[in-house]
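Fold and contact review
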Amino acid sequence: MATAQQFVQRLAEVVPGDKMDGIMEQQDECIARLTSTESELRAFNSFSASRFDGNAARVDAHVAMLRTLKSDLENVFKRVRLLKARVAAKHPTLYQEHMQRMPAELDD
């Protein structure tokens, strides 16, 4: 602590009093701005955290719904492929004729 006091005393000797007052005012303004900015950032972080918590639950629900939908669609397409295989096995000539008339993008 003695070193800090010595530094301040020597600085006071080197820098004129009116300039030192200006420096002190600038430091006070800077501290006030930083304090204000800190409180704004704390408020914003608090707001963001509350919004994130609310939206995270909604996103989790949507993810669960999409996983269920994916599973359901996989089951549907599996059944369609199974039905197509059964039809092809029972009626191979009719199935081939139909497949030739059907557009390629609709073919599985």
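Analysis parameters
- Residues numbered from 1 in each chain as written.
- Predicted model: local features only at pLDDT ≥ 70, side-chain atom pairs only at ≥ 80, totals over all residues.
- Heavy atoms only, no water.
- Helix = DSSP H or I, 4+ residues; strand = E, 2+ residues; numbered from the N terminus.
- Rg over C-alpha atoms; globule rule 2.2 N^0.38 Å.
- Buried < 20%, exposed > 50% of the residue type's maximum accessible area, 1.4 Å probe, protein only.
- Axes fitted to C-alpha atoms, helices over the stretch in contact; angles between N-to-C directions.
- Parallel < 35°, antiparallel > 145°, perpendicular 65-115°, else oblique.
- Contact = heavy atoms within 4.5 Å.
- Patch = residues over 30% accessible without salt bridge, like charges linked within 9 Å, V, L, I, M, F, W, Y side chains within 5 Å.
- Areas by Shrake-Rupley, 256 points an atom, 1.4 Å probe, with all protein chains shown as cover.
- Salt bridge = Lys/Arg side-chain N within 4 Å of Asp/Glu carboxyl O.
- Lys, Arg positive; Asp, Glu negative; His and termini not counted.
- Charge placed at Lys NZ, Arg CZ, Asp CG, Glu CD.
- pLDDT = per-residue confidence, 0-100.

Quick notes on the overall build of the protein
- In terms of helices and strands, the protein carries three helices and zero strands.
- Moving toward the C terminus, one meets the helices and strands of the protein in the order α-α-α.
- Its C-alpha radius of gyration of 37 Å places the protein more than 25% over the 13 Å reference for a compact globule of 108 residues.
- The principal-axis extents of the C-alpha atoms in the protein amount to approximately 105 × 25 × 25 Å.
- Out of the 108 residues belonging to the protein, those deemed buried represent 6%.

Observations regarding the packing of helix α2 (residues 17-90) against helix α3 (residues 92-101)
- Packing of α2 against α3 brings their axes to within 5 Å, and their N-to-C directions diverge by 120°. Here α2 is positioned oblique relative to α3, judged by the angle of their axes. For the pair formed by α2 and α3, the contact residues are K84, V87, A88, A89 and K90 on the first element and P92, Y95 and M99 on the second.

Remarks on a negative patch on the surface
- Taken together, the side chains of D18, D21, E25, D28 and E29 present a region of like negative charge at the surface.
- By secondary structure assignment, the location of D28 is in helix α2.

Structural notes on the pattern of salt bridges
- Using the criterion set out here, one finds two salt bridges in the structure.
- We note a salt bridge from E38 to R42, for which the minimum N-O separation is 2.7 Å. Within this pair, E38 and its partner R42 are both found in helix α2, separated by four residues, close to a single helical turn.
- Residue class for R42 comes out exposed when judged on its relative accessible area of 56%.
- Taking the shortest distance from any N to any O, the salt bridge between K70 and E74 comes out at 2.7 Å. Placement of both K70 and E74 in helix α2 is noted, with a separation of four residues, approximately one turn of the helix.
- On the basis of relative accessible area, K70 is assigned to the exposed category, the value being 51%.
- Classification of E74 as partly exposed rests on a relative accessible area of 44%.

A short note on the environment of F52
- With respect to the secondary-structure elements, F52 resides in helix α2.
- C-alpha separation for the pair F52 and T93, spaced 41 residues apart in sequence, amounts to 59 Å.

Examining the confidence of the model for the protein
- Per-chain confidence: the protein averages 90 in pLDDT, with 94% of residues scoring 70 or above.
- Model confidence for the protein, summarised as mean pLDDT per element, is weakest for helix α1 (residues 2-14) at 84 and strongest for α2 at 94.

A closer look at the environment of V8
- Its place among the elements puts V8 in helix α1.
- The exposed category is assigned to V8, whose relative accessible area is 52%.
- Along the primary structure V8 and G54 are separated by 46 residues, whereas in three dimensions their C-alpha atoms are 52 Å apart.

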